[in-house]
Amino acid sequence: MKIATYNVNGVNGRLPVLLRWLESSAPDVVVLQELKAPDTRFPADAIADAGYQAVWHGQKSWNGVAILSRVGEIHETRRGLPNDPDPAQSRYIEAAVNGVLIGGLYLPNGNPRPGPKFDYKIAWFEALIAHADGLLASGLPVMLAGDFNVMPTELDVYKPERWTDDALFAPEIRAAYARLLDQGWTDALRKLHPGETIYTFWDYFRNAYTRNAGLRIDHLLLSPPLAARLVDAQVDREVRGWEKTSDHAPVWIELADK
DNA sequence: ATGGCTGGGCGCCCCAGA
């Protein structure tokens, strides 16, 4: 089973690119972030025509997350994190699909730091860590996937020294990510590509993509039963070079059948 | 160190993103 995460940066503006990528990459399950659309404007028909069922948690203008499947029914288990510090922001959706429980998330950006947005990022992260602990304790095959807005290590930033005070790379944010992993999650991309420079985001500014001035901020975290089935993990990097593309590239993993 | 680009909104500029 191939499971992907993709921050589309506007699901309607990105629809041609999204459909083209669904066809070429053929993921079985997808989590989307930054829909930037209210529930009533989610392009469910076009996505259904492409062969995917969907559940979505939208919001006008900003945020918004969804889960797509072409391998059977999506059983939604929750929308919004327990104890979300601002439930008006649509940043979390969770569902069981084809025997895997998937939490799709869009963690707050948090800039500028310090400030209320950074405080919100910390609070949201703490709520995620608390919920993730319960997910792991269930012993189920679970994954957390999405845009974490965290570069875990210096290897995940093109110029780490420029990002030390940024909300995506600040010490307390990296520490929170490390605490999450220490619960027992496996960072799938890093597990299969240790020591490799891998990015999932390139700024629209300054030809960041052609210069490969990127960040690795989109992650797929696996609970032990899923980590044992991990056979491949890649970034669909070329999608970032398409016309009218998102500033993120899709990231995916392949899980062996049980 | 700054400003560069893009999507969405009730829009002919501003906000947020990372």
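See above for the structure.
Values in this document were obtained by computation on a predicted structure and should not be read as measured data.

(A) Structural context of the overall build of chain A. For chain A, the count of helices and strands is 6 helices and 14 strands. Computed over its C-alpha atoms, the radius of gyration of chain A comes to 17 Å, within 12% of the 18 Å expected for a compact globule of 258 residues. The dimensions of chain A, computed from C-alpha atoms along their principal axes, are 45 × 45 × 35 Å. When burial is assessed residue by residue, chain A has 57% of its 258 residues classed as buried. A separation threshold of at least 6 residues defines the contact pool for chain A, and within that pool the share at least 24 residues apart is 69%. Positive and negative side-chain charges of chain A, numbering 27 and 33 respectively, have mean locations separated by a distance of 4 Å.

(B) Seen up close, the sheet that holds strand β4 (residues 65–69). Judged by pairing direction, the sheet is mixed, and its 6 strands sit side by side in the order β3-β4-β2-β1-β14-β13 without closing on themselves. Two strands close off the open sheet at either side, each with one partner strand: β3 (53–57) and β13 (230–235). Neighbour-to-neighbour, the strand axes of this sheet turn through a mean angle of 15°, independent of strand direction. Sitting on the sheet, helix α1 (residues 15–25) is in contact with β1 (2–7), β2 (29–33), β4 and β14 (251–255), with an inclination near 160° to β1.

(C) Representation of the packing of aromatic side chains. Counting across every chain of the model gives 5 aromatic pairs. Here Tyr-158 and Trp-163 contribute two aromatic rings whose centre-to-centre distance is 6.3 Å and whose plane-to-plane angle is 80°, an arrangement assigned as edge-to-face. Tyr-158 gets classed as partly exposed once you look at its relative accessible area, which sits at 23%. Judged by its relative accessible area of 15%, Trp-163 is buried. In this arrangement the basic side chain of Lys-2 is found over the ring face of Trp-252, its NZ or CZ atom lying 4.2 Å from the centre. Between the NZ or CZ atom of Arg-20 and the centre of the ring of Trp-242, over which it lies, the distance is 3.6 Å.

About the criteria used
Residues numbered from 1 in each chain as written. Chains lettered and ligands numbered in written order. Predicted model: local features only at pLDDT ≥ 70, side-chain atom pairs only at ≥ 80, totals over all residues. Heavy atoms only, no water. Helix = DSSP H or I, 4+ residues; strand = E, 2+ residues; numbered from the N terminus. Rg over C-alpha atoms; globule rule 2.2 N^0.38 Å. Buried < 20%, exposed > 50% of the residue type's maximum accessible area, 1.4 Å probe, protein only. Contact = heavy atoms within 4.5 Å. Lys, Arg positive; Asp, Glu negative; His and termini not counted. Charge placed at Lys NZ, Arg CZ, Asp CG, Glu CD. Pairing = 2+ DSSP bridges. Axes fitted to C-alpha atoms, helices over the stretch in contact; angles between N-to-C directions. Phe/Tyr/Trp six-rings, centres within 6.5 Å; stacked < 30°, edge-to-face > 60°. Lys NZ or Arg CZ within 6 Å of the ring centre and 35° of its normal.

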